[in-house]
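Coordinates in review
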Amino acid sequence: MKKSKWILPALLAASLVIAASIPSAMAYFTTYTEASGVLPLDLGNETTIEEPTVTDWTKHVVVTNTGDADVFIRARAFAASAYKLTYSGTGWSDGGDGYWYYADPIAPAGETQELLIAIGDIPTEVAEGDEFNVAVVYESVPVRYDENGAAFADWTQTVHTVQD
Amino acid sequence: MKTKKYTLLAMILAGAAALLLLAGSVGSAMAALTYYSEIYESPLAMQEIGIQLYENNTAVDVGGTLLANLVPEGETFAIGKKYDENIDVGNSGVIDQFIRVVIYRYWTDGNGQKNVNLDPSLIKYEMEDGWIHDAAQSTPEREVYYYNTAVGGGGVVDVISKLSCDNAVLDTVSQTNDGKGTITTHYLYDGKVMALKVEASGVQTHNAEDAILSAWGANVTVTGNSLSLQ
């Protein structure tokens, strides 16, 4: 009973000594800021080929960009081997692979200049009911830019062509 | 009698311990040397740390907006083209500090929901010189950089200079042909939103290694004013 009176003061003394040994807390100077931004992408594109007019055995082909992004255009025609096809047109050049390429990108609502496809070796004597078909196909790809900002076309990315 | 003596002794010891504790917690008083003349006063500079982001030389508030003027008016965003986007960070405080920037890039759907299936690395930026890339703390979406030198009060360093979107977002997914001469091309990234977030933080240069470990969780070596990753 008498010894128990020692315990409380002794514990108090011990706890005070231990508390004195706790180091003080330290805080570092720090600072912070942040900002953010967004940019939506509108990538879908749509192109339409006008019904080519035919005058003097020549098809006049015009392709219109009816989408929202700039595109490059190429086109070619197919016919039976008996008929010779000759291409010409301002802004168009032979790619050497059967396609003719329009040099400049077409902006939304813009269109190419005419690609003239002359059909040669037409038979001089034609029987009633004879007919042949010359199909015009075209492809479009979105304009891409290289590191220097120069526009170029990646024709490996085309999927379908349109036949007229 | 003897018991009373021991109780008194214990109380004296407890009191002495309390006094020691109080004495130990009293910090020494410090007096700053001041000079005062009748002609002018010389105020003391207080410890102050601050950091500021800039976009194209314009200060951006905390939580402010970036990229609002990235595309010139009247133009549409061109895929692949590198746009000028100068993001800088400055020490707006007084004391020198080491600076870290964390750059977040990601895609969201049109409704603002983050789309984790799209590739954040297609959002490209060019870092300026002087930044150390912490690959261990970085992911394709979250890139961590430390500036290799302490920045003094008022100093500004370049972070990003160019921003672009990789041409890979144009890899055609599908096209539809209506059979009447119209082709419509559909892209995976069409209608998606490119997002960029820049966080900048600064830490004091005193005890910088400990401070950086505490604030950023990074083990660095500081030699003079230079910082390097361990």
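None of these values were measured; they are calculated from a predicted model.

Quick word on the overall build of chain B
Along the backbone of chain B there are two helices and 14 strands. Put simply, chain B has 230 residues, and 40% of those count as buried. Contacts spanning at least 24 positions in sequence make up 68% of the contacts within chain B whose residues lie at least 6 apart. Working note: accessible area of chain B is about 12800 Å², and carbon and sulfur atoms make up 52% of it.

Concerning the interface of chain A and chain B
Accessible area lost when the parts come together is the quantity often used to give the size of an interface. Listed by partner, the interface residues are 44 residues for chain A and 68 residues for chain B. Carbon and sulfur atoms supply 61% of the area buried between chain A and chain B, which totals about 5000 Å² over both sides. Broken down residue by residue, the surface that chain A buries against chain B is led by Phe29, Leu39 and Leu41 of chain A, which jointly contribute 15%. At the boundary of chain A and chain B, one finds one salt bridge.

A closer look at the confidence of the model for chain A
Per-residue confidence for chain A averages 82 on the pLDDT scale, and 87% of its residues sit at or above 70. Note that residues 159-164 of chain A has pLDDT below 50 and, in this model, 28 contacts with residues that lie over four places away or in other chains.

So, the side chain of serine 138 of chain B
Residue and element names in this part refer to chain B. In this structure, serine 138 sits in the loop between β7 (131-133) and β8 (142-147). Engagement of the side chain of serine 138 in a polar contact is seen with the backbone nitrogen of valine 144, the distance being 2.9 Å. In this structure, serine 138 is in contact with His133, Glu143 and Val144, ignoring residues within four places of it in sequence.

Points about the sheet that holds strand β4 (residues 58-61) of chain A
All names here are of chain A. Read across the sheet, four strands follow the order β3-β4-β10-β7 without closing on themselves; strand pairing throughout is antiparallel. Where the open sheet ends on each side, the last strands, each with one partner, are β3 (53-55) and β7 (84-88). Neighbour-to-neighbour, the strand axes of the sheet open up by a mean angle of 25°, direction not taken into account. Note that β7 and strand β10 (residues 115-120) share five bridges and pair antiparallel. When the sheet's bridge partners are listed, lysine 84 is paired in β10 with glycine 120.

Considering the pairing of β4 of chain A
The side chains of a regular strand alternate between both faces of the sheet. Residue and element names in this part refer to chain A. Residues Thr58 and His60 of β4 are buried on one face, and the alternating residues Lys59 and Val61, pointing to the opposite face, are buried as well. Here three bridges tie β3 to β4, and the two strands are oriented antiparallel to one another. Pairing of threonine 53 across the sheet is with histidine 60, part of β4. Hairpin connection from β3 to β4: two residues lie between these consecutive antiparallel strands, with aspartate 56 at a positive phi of about 50°.

Some points on the packing of aromatic side chains
Counted according to the given criterion, the structure contains eight aromatic pairs over all chains. Both rings, one in tyrosine 87 of chain A and one in tryptophan 100 of chain A, keep their centres 5.4 Å apart while their planes meet at 20°; by these two values the pair is stacked. Separated by 13 residues along the polypeptide, tyrosine 87 of chain A in strand β7 and tryptophan 100 of chain A in strand β9 (residues 100-102) bring together distant segments of the chain. Both residues of the pair, tyrosine 87 of chain A and tryptophan 100 of chain A, belong to the buried class. Plain terms: the ring middles of tryptophan 131 of chain B and tyrosine 147 of chain B are 4.9 Å apart, the flat faces sit at 65° to each other, and that makes the pair edge-to-face. Of this pair, tryptophan 131 of chain B sits in strand β7 while tyrosine 147 of chain B sits in strand β8; the two residues are 16 residues apart in sequence, bridging distant segments of the chain. The structure contains a cluster of three or more aromatic residues connected by ring pairs, namely Tyr99, Tyr101 and Trp155 of chain A. Seen from the ring of tyrosine 99 of chain A, arginine 76 of chain A lies directly overhead, with NZ or CZ sitting 5.6 Å from the centre. Over the ring of tyrosine 106 of chain B we find lysine 114 of chain B; its NZ or CZ atom is 4.6 Å from the centre of that ring.

Some points on helix α2 (residues 208-216) of chain B
Given 3.6 residues per turn, any residue in an α-helix points the same way as the ones three and four places further on. Residue and element names in this part refer to chain B. Those residues of α2 that fall on the buried side of the exposure criterion are Ala208, Ala211, Ile212 and Trp216. One side of α2 holds all its buried residues, which, seen down the axis, span an arc of 95°. On its buried face, α2 sits against β5 (97-108), β8, β12 (193-204), β13 (220-223) and β14 (226-229). Phi for glycine 217, located one or two positions after α2, is positive at around 70°.

Overview of the side chain of lysine 192 of chain B
Mapped onto the elements, lysine 192 of chain B comes out in the loop between β11 (182-186) and β12. Within the buried core, lysine 192 of chain B has no salt-bridge partner, and the shortest N-O distance to an opposite charge, that of aspartate 109 of chain B, equals 4.1 Å. Apart from the residues within four sequence positions on either side, lysine 192 of chain B is in contact with Leu39, Pro40 and Leu41 of chain A together with Trp107, Thr108, Asp109, Asn115 and Leu118 of chain B.

Some remarks on the environment of serine 121 of chain B
Residues and elements named next belong to chain B. Here serine 121 lies in the loop between β5 and β6 (123-127). For serine 121, a relative accessible area of 25% corresponds to the partly exposed category. Serine 121 sits 88 residues away from glutamate 209 along the chain, and the two C-alpha atoms are 31 Å apart. A distance of 2.7 Å separates the side chain of serine 121 from the side chain of aspartate 119, its partner in a polar contact.

Focus on the nonpolar core
Membership of the largest hydrophobic core comes to 50 residues, with the highest contact counts inside it found for Leu41 of chain A together with Phe77, Val89, Trp107, Trp131 and Val169 of chain B. Top element by residues in this core is strand β9 (residues 156-165) of chain B. It accounts for five residues. Setting aside chain neighbours within four positions, we find valine 169 of chain B in contact with Leu41 and Leu43 of chain A together with Ile79, Trp107, Leu122, Tyr187 and Tyr189 of chain B. Judged by nonpolar contacts, the second largest core, of 20 residues, contains Ala77, Tyr87 and Trp92 of chain A together with Ile183 of chain B.

The rules we used
- Residues numbered from 1 in each chain as written.
- Chains lettered and ligands numbered in written order.
- Predicted model: local features only at pLDDT ≥ 70, side-chain atom pairs only at ≥ 80, totals over all residues.
- Heavy atoms only, no water.
- Helix = DSSP H or I, 4+ residues; strand = E, 2+ residues; numbered from the N terminus.
- Buried < 20%, exposed > 50% of the residue type's maximum accessible area, 1.4 Å probe, protein only.
- Contact = heavy atoms within 4.5 Å.
- Areas by Shrake-Rupley, 256 points an atom, 1.4 Å probe, with all protein chains shown as cover.
- Buried area = accessible area lost by both parts, 1.4 Å probe.
- Salt bridge = Lys/Arg side-chain N within 4 Å of Asp/Glu carboxyl O.
- pLDDT = per-residue confidence, 0-100.
- Polar contact = N/O pair within 3.5 Å; in protein donor to acceptor, adjacent residues only side chain to side chain.
- Pairing = 2+ DSSP bridges.
- Axes fitted to C-alpha atoms, helices over the stretch in contact; angles between N-to-C directions.
- Phe/Tyr/Trp six-rings, centres within 6.5 Å; stacked < 30°, edge-to-face > 60°.
- Lys NZ or Arg CZ within 6 Å of the ring centre and 35° of its normal.
- Arc of directions from axis to C-beta.
- Lys, Arg positive; Asp, Glu negative; His and termini not counted.
- Core = buried A, V, L, I, M, F, W, Y, C linked by side-chain atoms within 4.5 Å.

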